Each structure stands twice: as C-alpha cells, then as structure tokens.
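# Structural features, examined
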Amino acid sequence: MPDIAAALDMSGPTVLQIVKELREARVVCEAGEFESTGGRKARALAAVRDARYAVGIEITRHHIGMVLTDMTETVLKYERTRKPFVCEDEYFKQLGEALDEFLGDDGTVKEKIAGVGISVPSIVDGAANRITYSRALNLYDIDGDVFSRYIPYPCVLLNDANAAAVTECIADSQLESMIYLSLSNTVGGAVVFRQDPAREDASGPLNSVFENMYIGKHWHSGEFGHMVIHPGGKTCYCGKKGCVDAYCSALCLAEHTDGYLERFFDRLEDEDAELMEVWETYLDDLAITVDNLRMCFDCDIVLGGYVGSCIGPYMKELQKRVEEKNIFEGNGEYVRACKYQKAASALGAAVYYIENFINSI
Ligand SMILES: [Zn+2]
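Note that this is a predicted model, so its numbers are computed, not measured.

A tally of helices and strands in the chain yields 13 helices and 15 strands. In summary, the chain has a C-alpha radius of gyration of 22 Å against a globular reference of 21 Å for 361 residues, a match within 12%. Looking at the 361 residues of the chain, the share that counts as buried comes to 46%. Taking as baseline every contact in the chain between residues at least 6 positions apart, the subset at least 24 positions apart corresponds to 57%. Carbon together with sulfur atoms contributes 49% to the accessible area of the chain, which is approximately 18,700 Å² in total. A distance of 3 Å separates the average location of the 35 positive side-chain charges in the chain from that of its 57 negative side-chain charges.

Written out as structure tokens, the structure is:
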C-alpha cells in the first residue's frame with residue numbers, strides 16, 4: 001500500500017479506501033503476500049482478469065477478424081473468416097450474428113462485455129463517429145452507426161493502423177515514441193508520442209495509449225502512403241505521382257504472385273531470381289520512406305501490416321540500407337518488424353474498451 005501511495009502521490013488512507021472500493025466491485029483482488037522486509041508482510045494486489053471483457057472486430061475488404069480479450073489485454077480467442085465487405089444492411093446484420101456466435105453461449109462473458117472496438121481501413125472522424133474516406137472499403141462519408149446497428153454493446157470505430165499501433169505498445173510496455181508504418185494493401189501508419197519513463201521529466205502513466213496517439217487536425221496524421229518519394233514516378237490511386245503507396249504497398253509485391261503475398265515470400269525464400277530483383281527495389285524504396293520518417297520524428301519505426309508480418313528474415317538487409325542514409329547516428333537498428341503479426345488491429349480495437357474501463361475506475 002505505501003508503494004501505491006508513493007507512486008500515485010496519494011495519502012495512505014485514500015489509497016486504502018480506493019482499494020476497498022475496487023475489491024468490492026471485484027476489479028482487483030489479493031494475489032498473495034510479498035516477502036517481509038522487516039514489518040508486516042505486504043499484500044499483493046492484482047486486477048481481476050475477468051472483471052471486464054472486450055471484443056475487437058477487424059473489418060477488411062475480404063475478411064472479418066474477431067478477438068476477445070479481458071483485463072490482461074491478451075488474445076483469449078481469435079477467429080477470422082472470409083467475408084467480402086459490402087455496405088449493405090444485410091452485411092451488418094450478419095456481422096452482428098457472427099459476433100453473437102463468436103461469443104458463444106457463455107452468458108457471464110456477454111454480461112461483462114465493456115464494448116466492441118471496430119477497426120476499419122479508413123480515415124475515421126472519431127468525434128463525429130464517421131468514416132470520412134476509405135479506399136479499401138470504397139466508402140465516402142459514412143455514419144459509423146451503420147456498423148454497430150446489430151451489435152448490442154457500446155461500439156467505437158477506429159482506424160486500423162492506429163489500432164495496430166496500440167497493440168504494438170501493449171506488447172512492449174517500455175516502448176517510447178514510435179512510428180507505426182502499416183504496409184498492407186494500402187500504406188498507412190500511426191504516430192505514437194510517449195516519454196521515456198526513465199527520463200526525469202517523464203510524467204503520467206504509460207497505459208493510456210490512445211491518448212498518446214497523434215491524430216492530426218483532420219484525422220489524416222500517419223498517412224505516410226502519400227508522401228512522395230519519386231517525383232513524377234508511378235501514379236498512386238490518390239492521383240499524385242510517386243507516392244510511397246505506389247512503391248511499398250503489399251500489392252506491389254503480391255502482383256507478381258497472382259495476388260498472394262505469402263507466395264511471394266515463399267518464392268523469395270527459394271531465391272527466385274525475378275522476385276529477388278523486385279524485392280531489392282522494394283527494400284530500396286522502403287529504406288527511403290523509413291529514413292524520411294526518422295528524419296521527421298527521431299524515434300523508433302515499427303513495420304506492420306501484411307509486409308511487416310513477413311519481413312522479419314530480411315530486416316538486416318533493410319537496416320543496412322537505412323544505416324547508409326542515417327546522417328546522425330550511422331545505424332539502422334531503430335527500424336524493426338512488428339511483434340504482433342496476427343489480429344493486431346482487432347486486439348488494439350478491443351483494448352480501447354479495456355483502457356476505457358480502467359480509466360473510468
Ligand atoms: Zn498517393
């Protein structure tokens with residue numbers, strides 16, 4: 001208790017009262033005793049794992065993924081099914097039915113669902129609960145309520161890259177500021193500002209990851225896919241020429257293997273000469289992008305999305321290219337592959353409601 005009081009800068013009696021209320025609400029419980037350091041043995045407190053559950057739904061052009069989590073913010077259950085997106089009532093009705101089926105017959109879980117976070121590959125105006133634009137889902141200015149019409153829990157829409165970046169943050173509690181570069185069928189990203197907890201001027205807890213996200217004035221922050229790396233180059237879907245998206249999206253690789261990215265990496269591993277050449281060019285373009293981000297933000301860069309999930313064995317090659325461009329430190333270790341490869345956006349979306357619950361206590 002004295003440790004908690006000191007960490008939170010609160011008086012002992014206040015902490016005692018709060019802990020009492022949390023125990024009565026079954027949010028925390030006793031988890032044994034620490035070894036005595038002289039006086040009475042200190043009691044350990046832990047969050048009650050099942051105080052609340054939350055669901056994350058990841059909607060993509062062709063699939064729906066679902067994740068169930070609890071206070072531990074880990075994946076308890078994950079399912080992904082093929083379901084092409086169509087913006088019609090029937091789709092959203094089936095989404096509600098799929099969620100009900102996913103949660104099963106366990107009434108105690110359903111009773112404790114804090115909410116359902118829905119990750120979409122879209123620009124999301126969170127305050128107005130609207131999708132302003134989605135290339136992948138072919139949407140323009142859509143009311144977010146249509147997504148939650150058949151879901152009997154509180155819902156929130158979240159940009160997929162922001163949600164995935166949150167997952168990366170909870171996978172590494174020591175993570176400082178970070179740029180998440182999402183390399184999927186389109187290129188996007190997220191900007192996370194966090195202070196080094198070891199720094200003397202660091203303030204506040206590190207767990208409010210959503211508050212650490214820089215969204216921008218028009219929710220366009222992190223749209224790294226539309227930075228121009230080759231002026232006058234390939235035409236991007238946005239109409240500009242030379243955008244990162246036209247060089248670094250997963251489609252740029254998958255188009256060489258009938259649209260299957262896994263096949264690209266399988267053949268690359270088998271040293272297919274044609275694909276090795278494609279890959280060399282891809283790495284060069286990715287290195288330019290990564291270096292530009294480093295120059296802007298001076299923080300770690302995490303590669304996520306479909307390509308980020310497969311790039312692990314080739315990170316040294318990328319780091320070498322990045323290192324050559326780094327005029328300040330002369331090393332490229334600041335860029336790495338994501339730790340969470342499956343269901344990253346779905347878990348991040350679910351965590352939204354767990355964090356909300358924690359913050360509401
Ligand atoms: Zn573009």
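Here we take up the coordination of the zinc ion. Donor atoms from the polypeptide that bind the zinc ion are His-226 (ND1), Cys-236 (SG), Cys-238 (SG) and Cys-243 (SG), placed at 2.1 to 2.4 Å. The site at the zinc ion holds four donor atoms, and with the angles between them running 104 to 121 degrees, its shape is tetrahedral. Read in sequence order, the donor residues coordinating the zinc ion give the pattern H-x9-C-x1-C-x4-C. Residue class for Cys-236 comes out buried when judged on its relative accessible area of 5%.

Now for the sheet that holds strand β14 (residues 300-304). Working definition: the strands of a sheet are paired by backbone hydrogen bonds and lie parallel or antiparallel to each other. Taken in spatial order, the five strands make up an open sheet running β13-β12-β11-β14-β15, and their pairing is mixed. If you trace the sheet from one side to the other, it starts and ends with β13 (213-214) and β15 (335-337), each paired once. Relative to β14, strand β11 (residues 178-183) runs parallel, the two being bridged by five bridges. The residue bridging Ser-182 from the neighbouring strand is Gly-304, located in β14. Against the sheet, helix α10 (residues 273-297) makes contact with β11, β12 (187-192), β14 and β15, and its axis sits at roughly 155 degrees relative to β11, the strand it touches most. Packed on one face of the sheet, helix α12 (residues 315-325) meets β14 and β15 and runs near 165 degrees to β15.

Moving on: the nonpolar core. A general tendency of soluble globular proteins is for nonpolar side chains to be buried together. By size, the foremost hydrophobic cluster in this structure holds 39 residues, and its most contacted members are Trp-279, Leu-286, Leu-303, Ile-311 and Leu-318. Membership of the second largest hydrophobic core comes to 29 residues, among which are Leu-68, Leu-103, Val-116 and Val-120.

This part takes up the packing of helix α6 (residues 160-171) against helix α13 (residues 344-360). Two numbers describe how α6 lies on α13: the axes approach to 7 Å, and their chain directions differ by 80 degrees. Considering their axes alone, α6 and α13 lie roughly perpendicular with respect to each other. Across from Asp-160, Ala-163, Ala-164, Val-166, Thr-167 and Ile-170 in α6, the residues of α13 making contact are Ala-344, Ser-345, Leu-347, Gly-348, Ala-349 and Val-351. Of the residues assigned to the contact of α6 with α13, the class counts are eight nonpolar, three polar and one charged.

With the rule as written, the count across this model stands at 13 salt bridges. Across the salt bridge formed by Glu-79 and Lys-77, the nearest N and O atoms sit 3.9 Å from each other. Between Asp-258 and Arg-263 there is a salt bridge, with the nearest N and O atoms lying 3.6 Å from each other. Residue classification places Asp-258 among the exposed residues on the basis of a relative accessible area of 64%. Each of Glu-280, Asp-284 and Arg-321 takes part in one network of salt bridges that share partners.

The next subject is the domain arrangement of the chain. What the domain assignment reports for the chain is domain 1 (2-47), domain 2 (53-165 + 343-360) and domain 3 (174-337). A straight line from the C-alpha centre of domain 1 to that of domain 2 covers 35 Å.

Bringing the sheet that holds strand β7 (residues 123-125) into the picture now. In spatial order, the strands read β7-β8-β9; together these three strands make up an open sheet with antiparallel pairing. A strand with exactly one partner marks an edge of an open sheet, and here the two such strands are β7 and β9 (139-143). Taking each pair of neighbouring strands and ignoring which way they run, the sheet shows an average axis angle of 15 degrees. In terms of strand pairing, β7 meets strand β8 (residues 130-134) through three bridges, oriented antiparallel.

Taking burial as the measure, the eight residues of strand β6 (residues 113-120) include eight buried ones, the bulk of the element. Both strand β3 (residues 53-59) and β6 contribute to a ladder of five bridges, which runs parallel. Paired with Ile-57 across the strands is Ile-118, a residue of β6. Relative to strand β10 (residues 155-159), β6 runs parallel, the two being bridged by five bridges. Bridging across to β10, Ile-118 finds its partner in Leu-157.

Think of an α-helix as turning once every 3.6 residues; residues three or four places apart then point the same way. Between the first and last C-alpha of α10 there are 36 Å, a value that for 25 residues agrees with the 36 Å anticipated at 1.5 Å per step. Residue Asp-272 occupies the N-cap position of α10, its side-chain oxygen lying 3.0 Å from the main-chain nitrogen of Glu-274. Once α10 ends, the next one or two residues include Asp-298, with phi positive near 50 degrees.

What counts as what
Residues numbered from 1 in each chain as written. Predicted model: local features only at pLDDT ≥ 70, side-chain atom pairs only at ≥ 80, totals over all residues. Heavy atoms only, no water. Helix = DSSP H or I, 4+ residues; strand = E, 2+ residues; numbered from the N terminus. Rg over C-alpha atoms; globule rule 2.2 N^0.38 Å. Buried < 20%, exposed > 50% of the residue type's maximum accessible area, 1.4 Å probe, protein only. Contact = heavy atoms within 4.5 Å. Areas by Shrake-Rupley, 256 points an atom, 1.4 Å probe, with all protein chains shown as cover. Lys, Arg positive; Asp, Glu negative; His and termini not counted. Charge placed at Lys NZ, Arg CZ, Asp CG, Glu CD. Donors = N, O, S within 2.8 Å, 3.2 Å for Na, K, Ca; no water. Tetrahedral: all angles 85-135°; square planar, octahedral: opposite > 155°, others 65-115°. Pairing = 2+ DSSP bridges. Axes fitted to C-alpha atoms, helices over the stretch in contact; angles between N-to-C directions. Core = buried A, V, L, I, M, F, W, Y, C linked by side-chain atoms within 4.5 Å. Parallel < 35°, antiparallel > 145°, perpendicular 65-115°, else oblique. Nonpolar A, V, L, I, M, F, W, Y, C, P; charged D, E, K, R; others polar. Salt bridge = Lys/Arg side-chain N within 4 Å of Asp/Glu carboxyl O. Domains from an automatic or database assignment. Expected span 1.5 Å × (residues − 1). Polar contact = N/O pair within 3.5 Å; in protein donor to acceptor, adjacent residues only side chain to side chain.

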